[in-house]
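Chain and residue survey
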Amino acid sequence: MMLSRKLKHVVTATTVAALAAVGAVFVLHPPAVNPETSLALGTLLALGLFSTLLDFRITEGGSTTSVDFIPLLGAVLLIGPSYALIVTAVLFVFRHFLSQRRGRSKPLHKWLFNTSQRLLAVSVFGLVFAWFGGSPSLESIQFRSTFPPFLLGVVAYFIVNACAVVYVISISEEQAFATVWRNVAGHLIIFDVAISPLAYLFALFYVLWGAPTVLLAIMPLIGLRYSYGVNVELQQLNNDLLRVLVKTIEARDPYTSGHSLRVAERSRRIAEKIGLPRKLVGLIETGALLHDIGKIDMAYSEILRQAGPLTPEQRELIRAHPDKGVAIVSSVRSMDNKVLECIRHHHEWLDGSGYPVGLSDRAIPIGARIIMVSDSIDAMATDRPYRAALGREEIRRELVNNTGTQFDPDVVQATLESGILEDLLQTPKAPEESDGVEPIRKVIGH
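These numbers come from a predicted model, not from an experiment. (Residues numbered from 1 in each chain as written. Predicted model: local features only at pLDDT ≥ 70, side-chain atom pairs only at ≥ 80, totals over all residues. Heavy atoms only, no water.)

Helix and strand counts for the chain come out as 20 helices and two strands. By residue count, 48% of the 446 residues in the chain fall in the buried class. Restricting to contacts in the chain with at least 6 residues of sequence separation, those with at least 24 account for 74%. As presented, the chain carries roughly 21,300 Å² of accessible surface, and 61% of it is formed by carbon and sulfur atoms. (Helix = DSSP H or I, 4+ residues; strand = E, 2+ residues; numbered from the N terminus. Buried < 20%, exposed > 50% of the residue type's maximum accessible area, 1.4 Å probe, protein only. Contact = heavy atoms within 4.5 Å. Areas by Shrake-Rupley, 256 points an atom, 1.4 Å probe, with all protein chains shown as cover.)

Here it is as structure tokens:
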């Protein structure tokens, strides 16, 4: 994989900054070699290696982190930042070889960046801790003199870490720094700062009871891994079950098979292009996956196959499917209200002529406005009993022509910039066969 020039510069700058910070730490706080520090170093290395073997990951809003920073921060408190950097370097070399053994090794530039940004963050933590009066000790830890510098160091550590990660993601994915920060950094910092006192407690217990304290530190790590691991697995299981349910419902109608999965994937891409927070993007994707769940009734299958115009009774039935969907999905107690909003209002038009409520403009939830566009694209790109699929340029023209009445201008703009239409298979159709806005009205009406 070829690196962009900008990305090369980021990796190089991070590496140079890390080397400079490491050099400053070793000059200002050289390691004191004695049996006590050697024992503490071995204990911290053991804890660090164990936390790496746990391969602990926490997923929140699409961001990931690990808890291997706990022995690193603890090392600063006990034996100083120089030793903490030694532990950091050993852990990342071990992680690299472990990834190779598991067949998941990263490219060299990624490993170099990850190692450099962690060394830089640990160096900053150690320097801030010392600057504000913190002093490493294996004999005693005074709360009043060490905890405030520890907290300031923790904040500095995670800001440096988050800034480096967010910046490289923004360069790689060509997104604004502020957008990536909003999606990623908040979850990283909030969670990591919340559990960072474990490092302080570990250091305190080590001073009180010595090396066996490592066993006390391992137990909460195992508990955290198990707790969040189960949570992630349950979330994945729920997502898989929802997809199986939707596939089963759509399998009975060849004209709509795969529709909800495509709408969900396109809705996610549009939401990401707009720059919405990652958690909201996930909720919109779920809402898009379930947007037509109210059509589970066999009566809808007959309507969707119908080539002629709908009767008044059929139109009323069609207009009821969003509320039917909400009634079904709301029975899941853990379902977020924003998902329900997406399901209920994905047929609202910007000019207020949609259903079931007749909301207009910004009163329509952003997720519903996005699903309206992605739903319409899939409907227009699919053969139906009453008309053939529209071609790519015809779909583009329909989106533009109905912007401001049916579609949100910002959502349409993001859609056109996302490359979604370019991914559609071109379906040739003579210009005279196109009947303007009517295909959209027919598709959305059905």
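Quick look at the packing of helix α3 (residues 69-79) against helix α6 (residues 143-173) now. Across the interface, α3 lies against α6 with an axial gap of 12 Å and an inter-helix angle of 140 degrees. Of the possible angle classes, the one that applies to α3 and α6 is oblique. Every pair of crossing elements has a handedness; the one defined by α3 and α6 is right-handed. Here F69, L73 and L77 of α3 come into contact with α6, specifically with F150, V154, Y157 and F158. Partitioned by chemical class, the residues of the contact of α3 with α6 number seven nonpolar, no polar and no charged. (Axes fitted to C-alpha atoms, helices over the stretch in contact; angles between N-to-C directions. Parallel < 35°, antiparallel > 145°, perpendicular 65-115°, else oblique. Left-handed = near helix turned anticlockwise from the far one by under 90°. Nonpolar A, V, L, I, M, F, W, Y, C, P; charged D, E, K, R; others polar.)

A cluster of nonpolar side chains, namely F26, I86 and V90, defines an oily patch on the protein surface of about 200 Å² accessible area. Relative to the assigned elements, V90 resides in helix α4 (residues 81-101). Taking the relative accessible area as the measure of exposure, V90 reaches 34% and is therefore partly exposed. (Patch = residues over 30% accessible without salt bridge, like charges linked within 9 Å, V, L, I, M, F, W, Y side chains within 5 Å. Salt bridge = Lys/Arg side-chain N within 4 Å of Asp/Glu carboxyl O.)

What follows deals with the environment of Y200. Locating Y200 in the fold gives a position in helix α8 (residues 197-209). Residues Y200 and F150, spaced 50 residues apart in sequence, show a C-alpha to C-alpha distance of 7.9 Å. With near-sequence residues (within four places) excluded, Y200 lies in contact with L77, I141, Q142, F143, T146, F147 and F150.

Within the structure shown, the criterion is met by 14 salt bridges. Linking D423 and R269 is a salt bridge whose minimum nitrogen-to-oxygen distance equals 2.7 Å. Of this pair, D423 sits in helix α19 (residues 420-423) while R269 sits in helix α10 (residues 259-274), placing them 154 residues apart in sequence. Close ionic contact of D408 with R362 constitutes a salt bridge, the shortest N to O distance being 3.5 Å. A residue pair is termed long-range when its members are at least 10 positions apart, and D408 in the loop between α17 (392-401) and α18 (409-418) and R362 in the loop between α15 (337-345) and α16 (366-380) qualify at 46 residues.

This part covers unusual backbone geometry. With an omega of 10 degrees, the peptide bond running from Y355 to P356 counts as cis. Positive phi, close to 50 degrees, is recorded for D361, a residue that is not glycine. Residue placement: D361 occurs in the loop between α15 and α16.

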